[in-house]
Every structure is written in C-alpha cells, then in structure tokens.
Amino acid sequence: MRVIPGIVAVMLASSSIRAQKLEFEVASIRPSGPQAPDTLNVGLHVDGAQVRVSHFSLKDYLGMAYKLKVYQITGPDWIASDRFDINAKLPEGAKREQVPEMLQSLLENRFQLKMHRETKPFSVYALVVPKGGLKMEALPPDPDGGDDPSNGAVDVSGGGGRGRNVSIDLGKGSSFTLGDNKVYAKKLSMTAFADLLARFEDRPVVDMTETKGNYDLTLEFTPEDFRAMMIRSAIAAGVALPPEALRLLDGASDSGLQTALQTVGLKLDSRKAPIETLIVDHAEKAPTEN
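Residues numbered from 1 in each chain as written. Predicted model: local features only at pLDDT ≥ 70, side-chain atom pairs only at ≥ 80, totals over all residues. Heavy atoms only, no water.

Enquirer: Tell me about the pattern of salt bridges, and please be specific about residues and values.
Expert: Using the criterion set out here, one finds eight salt bridges in the structure. Salt-bridge contacts for K89 lead to E25; the nearest nitrogen and oxygen are separated by 3.8 Å. Note that K89 is positioned in strand β5 (residues 83-89) and E25 in the loop between α1 (3-19) and β1 (26-31), a separation of 64 residues in sequence. Taking relative accessible area as the criterion, E25 reaches 47% and is therefore assigned partly exposed. A salt bridge links D269 to K267, with the nearest nitrogen and oxygen atoms 3.6 Å apart. The network of salt bridges with common partners includes K267, D269 and R271. (Salt bridge = Lys/Arg side-chain N within 4 Å of Asp/Glu carboxyl O. Helix = DSSP H or I, 4+ residues; strand = E, 2+ residues; numbered from the N terminus. Buried < 20%, exposed > 50% of the residue type's maximum accessible area, 1.4 Å probe, protein only.)

Enquirer: Account for the packing of aromatic side chains, naming residues and giving values.
Expert: Under the defined criterion, the tally for this structure stands at four aromatic pairs. Ring centres of Y71 and F122 lie 6.4 Å apart, and the angle between their planes is 55°; on these two criteria the pair is classed as tilted. With Y71 in the loop between α2 (58-66) and β4 (73-74) and F122 in strand β6 (residues 114-128), this residue pair connects regions lying 51 residues apart in the sequence. Taking the ring centre of Y125 as reference, the NZ or CZ of R203 above it sits at 4.4 Å. (Phe/Tyr/Trp six-rings, centres within 6.5 Å; stacked < 30°, edge-to-face > 60°. Lys NZ or Arg CZ within 6 Å of the ring centre and 35° of its normal.)

Enquirer: Kindly report on the sheet that holds β4, identifying the contributing residues and their values.
Expert: Read from one edge of the open sheet, four strands run β4-β13-β6-β11, paired in mixed fashion. Each end of this open sheet is capped by a strand with a single partner; those strands are β4 and β11 (205-207). Direction of pairing for β4 relative to strand β13 (residues 267-282): parallel, over a ladder of two bridges. For T74, the partnering residue across the bridge sits in β13 and is I279. (Pairing = 2+ DSSP bridges.)

Enquirer: Explain the nonpolar core residue by residue, including any values.
Expert: A general feature of soluble globular proteins is that nonpolar side chains tend to end up buried together. Counting 32 residues, the largest nonpolar core has F24, V51 and L58 as its most contacted members. Contributions of two or more residues to this core are made by β1, β2 (42-47), β3 (50-57), α2, α3 (78-81), β5, α4 (99-110) and β13. A per-element tally of this core places α2 first, with six residues. Once residues lying within four places of it in the same chain are set aside, the contact partners of L58 are W78, I79, D82, F84, L107, F111, L113 and A283. Listed in part, the 29 residues of the second largest apolar core include Y125, M190, L261 and L268. (Core = buried A, V, L, I, M, F, W, Y, C linked by side-chain atoms within 4.5 Å. Contact = heavy atoms within 4.5 Å.)

See below:
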C-alpha cells in the first residue's frame, strides 16, 4: 500500500519540475531612451552571461520569447509602440538557446501578463516558385554546419548609416540590408526571406516554395515603390507616422514587389491559412520594479 503514495509523490515532484521555468539571475526592464538622429540601435545581444536588448516593444519581446511572428500577437495598441530596454544576466550553466524561455518568465512577471491562444483563419501571401522556376542557385553547404542561423543564433542587431541604409545581422553570416532602393539579402533561407517580405505587407507571408538551402539575392525597386515599402514597414513595426507620410501610400500597390520577385523566380499568391495567435488579455503598461 505504501507504493501508491510513493508513486503519487514522484509524479507530483516531476510535474513541479516541468512547470518551473528558467529565469535570469538578475534582470532590469526600463523604457527606451530616444535614438540618436540618423542612427538605429535595436536588437538582441548576448555577450558571455550578459544579455542586452535595445528598443524593442513588448510585442517584439513576446514574439522572441514565444517564437511567434508579430502578426500572431494581438493586444492593447501600446504593446507595439512603447519601447523597452532589457539588461539581464544568465544563470550559471545556462545556454544562449534558453534565452527565450527566460524571457517568458521575465515578461510574465514584470508586466503581469494574462494571455491565451487561439487559431484563426488568416489572409496570407504564399511565397511560391512560379512555372518558370527559381532563377537563383542555393549557396554551397556551410562546412561548419552553420547553414541555419536560427539554430542557436541570438545576436540580432540593426544599424543605420549613411544614405539611411539599415542593416540587420541575423547571425552566422545571414543578414539583409535596406537602402538605395534595393533589398540585399545574404545567406537567407526561403523561410527567413518570407519573414523579411512580411515587413512590407499588410498580411503574413508564408514560405511555400519547398526549397532547401540559403540564398544571396538582390531586389531593386523604383524610388516610389521603395518609399511605400519603407512606410508599410514602419507601420507594421508600430512607428507613429505623420499624416503627410501616410498620404504617400495613396494609390501605392504591390506591383513593384511582385516585379522584383519575378527577377529571382519567386511570386506572392493570396491565400487563406489557419494560424495560431497569442492574445494578450492584460498587461501592465509600466513593468514592476527591477
């Protein structure tokens, strides 16, 4: 008869261990200060045990913590506009790959989050290869096994330079640059490229190319089309724009992007797809004390 209580005790202990989330050793969350003119310093940086995230919205943090796209997260308007900086220290023995789980604990505690998940039908753009076939070659496999930047890559940074170019380093040689009416992509998988395109669209972009490997590519646009894309990207990121900037979108279309994609053998198709979403039911606008 003693065996049954013993089994129950083990099961309860095991359940408690599974429920316990990893946490940073110490962490602070503070509102972001203003960015310097003509510069951009935003992203996640891990240096040894030190973790620093700059100028991210709560929506960005939730996407990072739960490995979701921003379009999968809904809640109060301010979660996409208010920006915060996080400085934290990893506990001894923790790995970089565990940062998202630690972010979950930190955000839930400091912002007093209450959330639930729902699966909803979405209008999406499917990134596909048309009948003419792909017009670019996959890069040779990386001999060091670093083909997928998502495997353990957590250093993500952005910077603005002359000519208002913006470069995003995704780690392991993968990056993209926006500027001079062009989009330059280096060592991107089609899934990562679909995520990049979603920055300029009014709906999610889903990779349905069924292609493997990574690619270097360049898309070129007219100044008008490129300007419209940058405005859409700013809106998607929650940036408040003046009315005169929004008026520039009047009459703008996606034809420029479709034309640019054709040069590399790709296409966007309108479709419907079920997508899981994270609903923020409650969040405190000011995080609790560090």
